[in-house]
Amino acid sequence: GGEEVREAQGARELVVEVTRNMNAKKITCLARNIFGQTSADYILNVEYSPSFVHAPTDVTGNSGDRIILQCQVDSNPKAEYVWMKNGDIFEMVGKGPLLSFTLSALTAGSYTCQAAVPGFSAIMRDAKVLMRGPPEILGKNGAQFGSVGESVHIHCETESVPIANDFFWTFNGEELNRDSPMFTIIETRDGSRVKSTVIIKDAKIHHFGEYLCGVQ
């Protein structure tokens, strides 16, 4: 019930430009004369590089939730899967197309699925696993520097789910007023992270001191 390759009629040899879609397809050679006919079947084994069928996706949950990340590729031969945490090739946390774990402060983070097939380049895809909770300020107690007469930027970055929506700043113990003409406060968002920045144009010596940021 297959389709005849008309271009190959009478040929002793068939040259096929294969694609991944032709893997495991059957090719039949049929020979006949006045006494009868015979045939031989050939199954194509086409090796090809991995491509994602189902890539891992970002997940948000509560502490104690069961998290399942899925990673599936199409390839021949079959791919081997390795999971890494926070982009660290030395922190392998699992093998196989599924990764399952209980969500906690220790297990939240970024996970990478790597699919490898011999003879081809490995492919990778990242997914973030976020846990709902209060905002956490990143890089606490870090010194930031500037010079008199320059524009000075003071940063405070936080990460949380849901994202933080209310920052406040103090300078030497006194809260900064957002309406002050002395500086500007802006917030920028990137996924679950929010960065608040105090901008002081033409900084004077009295602008230097201890800045603290808070968030809720």
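In this text the structure is predicted, and so the values were computed from the model without any measurement. (Residues numbered from 1 in each chain as written. Predicted model: local features only at pLDDT ≥ 70, side-chain atom pairs only at ≥ 80, totals over all residues. Heavy atoms only, no water.)

**What to know about the overall build of the chain**
Here comes step 1: Summing up its helical and strand segments, the chain has zero helices and 18 strands in all.
Here comes step 2: Its C-alpha radius of gyration of 30 Å places the chain more than 25% over the 17 Å reference for a compact globule of 216 residues.
Here comes step 3: Overall, the C-alpha framework of the chain stretches about 105 × 40 × 30 Å when taken along its three principal axes.
Here comes step 4: Classification of the 216 residues of the chain by burial places 29% in the buried group.
Here comes step 5: A separation of at least 24 residues holds for 58% of the contacts in the chain among residues at least 6 apart in sequence.
Here comes step 6: For the chain, the accessible surface area stands at approximately 15000 Å², while carbon and sulfur atoms represent 50% of it. (Helix = DSSP H or I, 4+ residues; strand = E, 2+ residues; numbered from the N terminus. Rg over C-alpha atoms; globule rule 2.2 N^0.38 Å. Buried < 20%, exposed > 50% of the residue type's maximum accessible area, 1.4 Å probe, protein only. Contact = heavy atoms within 4.5 Å. Areas by Shrake-Rupley, 256 points an atom, 1.4 Å probe, with all protein chains shown as cover.)

**Re the sheet that holds strand β10 (residues 109–116)**
Here comes step 1: If you trace the five strands from one edge of the open sheet to the other, you get β4-β11-β10-β7-β8, paired in mixed fashion. If you trace the sheet from one side to the other, it starts and ends with β4 (59–61) and β8 (92–95), each paired once. Strand-to-strand twist in this sheet, taken as the mean axis angle between neighbours without regard to direction, amounts to 20°.
Here comes step 2: Examined bridge by bridge, strand β7 (residues 80–85) and β8 share three bridges and lie antiparallel to one another. The partner of Met-84 across the bridge, within β8, is Met-92. (Pairing = 2+ DSSP bridges. Axes fitted to C-alpha atoms, helices over the stretch in contact; angles between N-to-C directions.)

**Some words on the packing of aromatic side chains**
Here comes step 1: Within this structure, the stated rule accounts for two aromatic pairs.
Here comes step 2: Taking the centre distance of 4.9 Å and the plane angle of 20° together, the rings of Phe-101 and Tyr-111 count as stacked. Of this pair, Phe-101 sits in strand β9 (residues 98–102) while Tyr-111 sits in strand β10, and the two are ten residues apart along the sequence. For the pair formed by Phe-101 and Tyr-111, the shared burial category is buried. (Phe/Tyr/Trp six-rings, centres within 6.5 Å; stacked < 30°, edge-to-face > 60°.)

**Here's the deal with the sheet that holds strand β14 (residues 167–171)**
Here comes step 1: Taken together, three strands build an open sheet; the order of strands is β15-β14-β18 and the sheet is antiparallel. Both edges of this open sheet fall to β15 (174–175) and β18 (211–215), since each of them pairs with a single strand only.
Here comes step 2: The pairing of β14 with β18 spans five bridges and is antiparallel. Directly across from Phe-171, in β18, lies its bridge partner Tyr-211.

**Brief notes about the pairing of β9**
Here comes step 1: Only one face of β9 is buried, namely the one carrying Leu-99 and Phe-101, since none of Leu-98, Ser-100 and Thr-102 on the opposite face is buried.
Here comes step 2: Taken together, the five bridges between strand β5 (residues 66–70) and β9 define a ladder with antiparallel strand orientation. Bridged to Arg-66 within β9 is Thr-102.

**Looking at the state of the cysteines**
Here comes step 1: Evaluation of the coordinates by the stated rule reveals two disulfides.
Here comes step 2: The disulfide partner of Cys-71 is Cys-113, and the S-S distance across this bridge is 2.0 Å. Across the S-S bond of Cys-71 and Cys-113 the torsion is about -80°, and the bridge reads as left-handed. With Cys-71 in the loop between β5 and β6 (72–76) and Cys-113 in strand β10, this pair connects stretches of sequence that are 42 residues apart.
Here comes step 3: Relative accessible area serves as the criterion here: at 0%, Cys-71 is assigned to the buried category.
Here comes step 4: Two residues, Cys-156 and Cys-213, share a disulfide whose sulfurs are 1.7 Å apart. Within this pair, whereas Cys-156 is found in strand β13 (residues 152–159), its partner Cys-213 is found in strand β18, the two being separated by 57 residues in sequence.
Here comes step 5: On the basis of relative accessibility, which here comes to 4%, the residue Cys-156 falls in the buried class. (Disulfide = S-S within 2.5 Å.)

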